[in-house]
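Report on the structure
Here are the chains, one letter per residue:
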Amino acid sequence: MMQKMSAFIAKNQRFLPMSVTAILSIAAYLVGALLYPGMRDAQVFFNLFRTSPFLLISVIGMTFVILTGGIDLSVSGVVALTTVAAAALLREGWNAWLVMLLMLLMGMAFGATMGAFITYLKVQPFIATLAGMWVARGLCFFISDDAIAINNPVYCLLGQTMLLIPGFSDPKTQQGAFISPLVIIAFVVLAVATYVAHYTRFGRTIYAIGGNEGRNEQSARLMGLPVDRTKVLVYTLNGFCSALAGIILSIYVSSGHGLYARGFEMTVIAAVVMGGTMLTGGQGYVFGALFGVLITGVTQTLIQFNGQLSSWWTNIVVGLLTLFFIGAQSFLATRKGRQVEAGSPEVQRRRRMLVWGGSAVGVIVVGALILGALLNPKENGAVGTTPTAESAVCQFQPTSDEDADALIAEGAVLTYERNGGPDCIDELFAIYPDGRIIGVDGARNVEKQATVADVETLLAGIRDQGWFTDEFYNTWHTPCGQCFEYHITVIYEGEEKRVTAVDGGTDAPAAYWQVVSRINGVIPKFPETP
Amino acid sequence: MKPKIAFNWKKMIEHKLFFPFVALAIILLFDLIFIPGFFRLQTKEGHLYGNLVDILRNGSTVMLLALGMTLVIATGGVDLSVGAVMAIAASVAAILMNPVIIGMKLPPDLMKFINDPNFTYAPLWQVITVTLIVATFCGMWNGLLVAYVKIQPMVATLILMIAGRGIAQLITNGVRIQIFYEPYAFLGSGWLILPFSLYIVALVFLLASLLTRKTAIGLFIESVGVNARSSFFSGIDEKKIKLLAYTFCGFCAGVAGLVASSNIRTSDANNIGLNYELDAILAVVIGGTLMAGGRFSLLASLIGALVMQATTTSMYAFGVPANAVLAIKGVVVILVILLYSEQVRSFIRRFTAPKEARS
């Protein structure tokens, strides 16, 4: 039995890293479903795909680059540039399809340029694509400093159409599990990429260039393969994938901003590694990209459903998983090596230790997650019953700007709204010229009477900070799990201005936080909930 | 007479510091022409201020990172985790000064206490020592993975790069801790005629120079970078050398984390040192150290870091918006790298060589 099994494994060894990822992600999902009833909902499963089509596309492109033994750090820059450029062009009233075509061409041109630098001028891939990333991200801010909203009908249609899953939904009532057309696009890309990688000359050349841990380029050249052309094409292909991912991201969030997708390239590279592709090149499967993305998604979902662990645990878990997979790859490499030449016992022992260490780490991670879940049954009960993953985390409430406007119409001179944070609050305060301060957080009200002079000092102070000048401008970035989003409106001496910001970043003007702390000094506090 | 001049020319071009200096000179020349008053220096309260001082001051973090990175790159590796290690160092330092903030709801009267510029939980020397030890351990972890477990450097350090920021937030429980303790803030934002951080850079540079040039370690590092296997056969313990390089890099990242966090007076695990690993690597590459390993020059790396910072500062002075500066930095990097490429070098050589060839 054991022999049969090991023979089977030896025969299909090349699929092992990929299948380990697949099994691990499925197992993690099942554990989650056992612990949190909410995860048994079919929609949560489909959300794994619905929330990350851009990640999947980027991972596919990156897999090709890594298979040749290169690397592309420019992904995040090109994605951000695509969102901003598309949003800016759509704002000018361009045709949506034309814009998409242009963006894809731009991405390909970007990739081809970097590929040419790498291939013909022999610049290190790391350096060339890094410079590319900076250029792309910098260009975003030549186009626009602020986020640009997209209201194009084609974009809305693509982003908001719900494709119901047969078997999990009711076609009559249009209720049930669904995915978006973007997921279909991502899967089409996956299918095409798999075909290209394994059934075309181009694909075989890629494997030939990256073979032997990336040292095979010379042999490929001597075999008469078009090495230079293929390398440029691979970077062009990844530029295309990045641009497509950017288009899909801009559809998904229906806006464009230069700060989108920060650090995205590292998520992508980690997903490629977890998908079973060797970073040295030449080994791996494009199809593994799907599992790399899946395991990232499952990790996030588990952490969201747990509710106790903050979102930054995702980073730690992904880091540990990467370590685990690299350990596994290294182990497999030795096994393969042993078939050719028996490694010294010392080497074998070290590898074995590594694998056991890696598996131990993996087990510990899963164990920690389960333990964290079990230690807090109350929280789980509350979270687990929620129907979708999204409602399990603190969602940024749609801002109550209308409420704020209503309060201003009533005569308030300052409204202050903050929502989010670790306790997921949504508070709105209004200060009236007569010193009355009221606050609501949806359920409760507080009130406080300050002096007229206090209000005057506060407003004058805010004015003197430069509130009504260009020093204060709107900023927004994806909030961290613990961050607050602020909306502050001030009316003073006939001027009115609303400025929004999210803390936890460096984009908002520094004086904004001084204004926030001034206001915090005046407003009443909600009583602590037990 | 003439051949002698040509010879000097050649020697100068072949010198390690030539290209970094040329790059720096070109940028400063641009400033001289296009930005009036860029070179103006003034003294306020006995301290020196001006754009040139700003370049040195803001560049000190990258200079520190570049020192450690030079040794790592010289062994043929790379360390992507320095930015994350900076974040970890900043979190450790902040938590040592302000431990009450973790996970506890502070009673309101304590807020006053925390805002007190003389309040710290652990004394300054402890804060610095513990932070540097933690950072050094981070470097050692990378070194162990690279040297003993034999994982590719880029992948091995990628692990800490991804997990590091999470760990930093784990330490501070996701809170951005403000730093009010004045003596600590002096590290990054104090002045002793020149910015204090420059003295720190000088100290670390001195340490690294002594380590590499007054002992055989520098030679060993270069030997490992050129060919690890033959170094091993000639009796150099390449594993220990690699471990040392990564450990030192972690130490430098820790110092950089101290300087950066004291400069902005907060432990911002999300943003401290973000993308600094890339700046540091480019500084080293501009300094002429090959990514494949081998010969290195610490001074050239420092100048490389200054090239990066001078570009940024000049663009700010020129009025380019902060975020858009990245694009220009990217273009400068490409130009500098092209300057180094074999094609351009052979062109320059052809330009200067003929006379000698004839004689």
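Per chain, residues are indexed from 1 in the order of the written sequence. Labels follow written order: the first chain is A, the first ligand is 1, and so on. Reporting of local features is limited, given that this is a predicted model, to residues whose pLDDT is at least 70; pairs of side-chain atoms are given and counted only at 80 or more, and all residues count toward the totals for whole chains, interfaces and linings.

1. Considerations on the overall build of chain A
Basically, it comes down to this: Elements are defined by DSSP. Helices are runs of H or I of four residues or more, strands are runs of E of two residues or more, and each kind is numbered from the N terminus. Here the contact rule is simple: place C-beta atoms from the backbone, and any two residues whose C-beta atoms are within 7 Å are in contact.
Along the backbone of chain A there are 20 helices and 10 strands. Sequence-distant contacts, at least 24 apart, represent 73% of the contacts inside chain A between residues at least 6 apart.

2. A word on the confidence of the model for chain B
The condition that has to hold: pLDDT runs from 0 to 100 and stands for how confident the predictor is about each residue.
Per-residue confidence for chain B gives a mean pLDDT of 84, with 89% of residues at or over 70. Scored by ipTM, the complex comes to 0.79, with pTM at 0.74.

3. Some details on the interface of chain A and chain B
To keep it simple, the criterion reads: Throughout, the ten residues Ala, Val, Leu, Ile, Met, Phe, Trp, Tyr, Cys and Pro are labelled nonpolar, Asp, Glu, Lys and Arg are labelled charged, and all others, Gly among them, are labelled polar.
Contacts between chain A and chain B engage 41 residues on the former and 39 residues on the latter. At the level of elements, α7 (125–143), α13 (264–274) and α15 (313–340) of chain A are the ones that each hand at least two residues to the side of chain A that touches chain B. When residues in the side of chain A that touches chain B are grouped by element, the largest group, 11 residues, is from α7(A). A breakdown of the residues in the side of chain A that touches chain B according to their chemical character gives 23 nonpolar, 15 polar and three charged.

4. So, the pairing of strand β5 (residues 414–420) of chain A
Residue and element names in this part refer to chain A. Rules: Three exposure classes are used, all based on how many other C-beta atoms lie within 10 Å of a residue's own C-beta (placed from the backbone): buried at 20 or more, exposed at 12 or fewer, and partly exposed between those limits. By definition, two strands form a pair when at least two bridges between them are found by DSSP.
Taken across its seven residues, β5 has seven buried, putting it largely inside the fold. When β5 meets strand β6 (residues 425–431), the two strands line up antiparallel, connected through seven bridges. Paired with E417 across the two strands is L428, which belongs to β6. In the sheet, β5 pairs with strand β9 (residues 484–492) via seven bridges, with the strands oriented antiparallel. Across the sheet, Y416 pairs through a bridge with I488, a residue of β9.

5. Topic: the sheet that holds strand β10 (residues 495–502) of chain A
Residues and elements named next belong to chain A. Rule in force here: The axes used here are C-alpha line fits, helices contributing only the stretch in contact, and every angle between their N-to-C directions lies in the interval 0 to 180 degrees.
Taken together, six strands build an open sheet; the order of strands is β8-β7-β6-β5-β9-β10 and the sheet is antiparallel. The two strands at the open ends of the sheet, each matched to only one other strand, are β8 (445–449) and β10. Looking at each pair of strands side by side, their axes are set apart by 10 degrees on average, direction ignored. Running over the sheet, helix α18 (residues 401–409) touches β5, β6 and β9 and is turned about 20 degrees from β9. Where helix α19 (residues 452–464) meets the sheet, its contacts fall on β5, β6 and β9, and the angle it forms with β9 comes to roughly 105 degrees.

6. So, helix α2 (residues 18–34) of chain B
Side chains that are three or four residues apart share a direction in an α-helix, a result of its 3.6 residues per turn. Short version of the rule: Here, expected helix span is obtained from the residue count minus one, scaled by 1.5 Å.
In a regular helix each residue adds 1.5 Å, so 17 residues correspond to 24 Å; α2(B) covers 24 Å between its end C-alpha atoms and thus fits that length. The elements touched by buried residues of α2(B) are α13 (276–286), α14 (298–318) and α15 (325–340) of chain B.

7. Observations concerning the environment of A:Q175
All names here are of chain A. By secondary structure assignment, the location of Q175 is in strand β3 (residues 175–179). A sequence separation of 53 residues divides Q175 from K122, and the C-alpha atoms of the two residues are 55 Å apart. Among residues more than four places away in sequence, those in contact with Q175 are S169 and D170.

8. Overview of the nonpolar core
The cut-off we apply is this: Joined through C-beta atoms within 7 Å, a set of buried Ala, Val, Leu, Ile, Met, Phe, Trp, Tyr and Cys residues constitutes a nonpolar core.
One finds B:L65, B:A66, B:M86, B:I88 and B:C252 to be the most contacted residues of the largest nonpolar core, which totals 234 residues. Beyond its immediate stretch of four places on either side in the chain, B:C252 contacts B:L64, B:L65, B:L67, B:G68 and B:V204. One finds A:Y416, A:L459, A:F484 and A:I519 within the second-largest nonpolar core, a separate group that totals 27 residues.

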